[in-house]
Amino acid sequence: MPDIRFVQLSPVALRALIEGDLGAASAAAGVLLTPYLVDESWLWRIRLQDIERDPRAAEWIARAAVAEPQGVVVGHAGFHGPPDADGVVEVAYSVDPVHRRKGYARAMLESLLARADGDPRVSAVRASIRPDNAGSRRTIAGLGFRKVGEQWDPEDGLEDVFLRTAANRP
């Protein structure tokens, strides 16, 4: 399985990605970012607003995923925000299409789960996946997620909602 290291994207890096300035974003992040991250500017706008509303969110969201030992950015991952009132965090991960089907999504998810399991404030991890997203369904398979319902997402449409109790809970 690939080894993934996460690099937090600061508000400076997020603004540069939104503006399409890959050089400035890479300088702010301290790692060579890719055009795929610029293409995700819609997401960075949301994440920047999240951080502006709640600075604590910065430690949970907006991370470039770096494959090691190559040092190549293969996508991005994080959570939708800090734990909610019930201790639930929701995972978010995306692999650059040029790096898909190489185990990076699973490696990202396992790293996110380890992060969540290591935080006593987290009671469970949530994943929301469109019914037609077979790749994401395979990614969460065998990691303790169970379907708990459905929701309507304004961007993605119908999603199945999965929940996994944090490993730090009985």
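As a starting point, this report considers the structure included with it. Fair warning: this is a prediction, and the values are worked out from it, not measured in the lab.

1. Things to note about the environment of R47
Consideration 1: Here R47 is to be found in helix α4 (residues 41-53).
Consideration 2: As a C-alpha pair, R47 and G81 span 34 residues in sequence and 8.8 Å in three-dimensional space.
Consideration 3: With sequence-adjacent residues up to four places away left out, R47 is seen in contact with L14, I61, A62, F79 and H80.

2. Quick notes on the environment of D50
Consideration 1: When you line up the elements, D50 lands in helix α4.
Consideration 2: Taking relative accessible area as the criterion, D50 reaches 12% and is therefore assigned buried.
Consideration 3: Once the C-alpha coordinates of D50 and S111 are considered, the two residues, 61 residues apart in sequence, prove to be 22 Å apart.
Consideration 4: In this structure D50 touches A57, I61 and H80, once residues within four positions along its chain are discounted.
Consideration 5: Among the polar contacts made by the side chain of D50, one reaches the side chain of R47 at a distance of 2.8 Å.

3. Describing helix α1 (residues 11-19)
Consideration 1: For α1, the full list of buried residues reads A13, L14, A16 and L17. In a view along the axis of α1, the buried residues occupy a sector of 165 degrees, so they form one face of it. Residues of α1 that are exposed and point over 90 degrees away from its buried face: V12 and E19.
Consideration 2: Its buried side turned inward, α1 meets α2 (22-29), α3 (35-39) and α4.

Cut-offs used in this document
- Residues numbered from 1 in each chain as written.
- Predicted model: local features only at pLDDT ≥ 70, side-chain atom pairs only at ≥ 80, totals over all residues.
- Heavy atoms only, no water.
- Helix = DSSP H or I, 4+ residues; strand = E, 2+ residues; numbered from the N terminus.
- Contact = heavy atoms within 4.5 Å.
- Buried < 20%, exposed > 50% of the residue type's maximum accessible area, 1.4 Å probe, protein only.
- Polar contact = N/O pair within 3.5 Å; in protein donor to acceptor, adjacent residues only side chain to side chain.
- Arc of directions from axis to C-beta.

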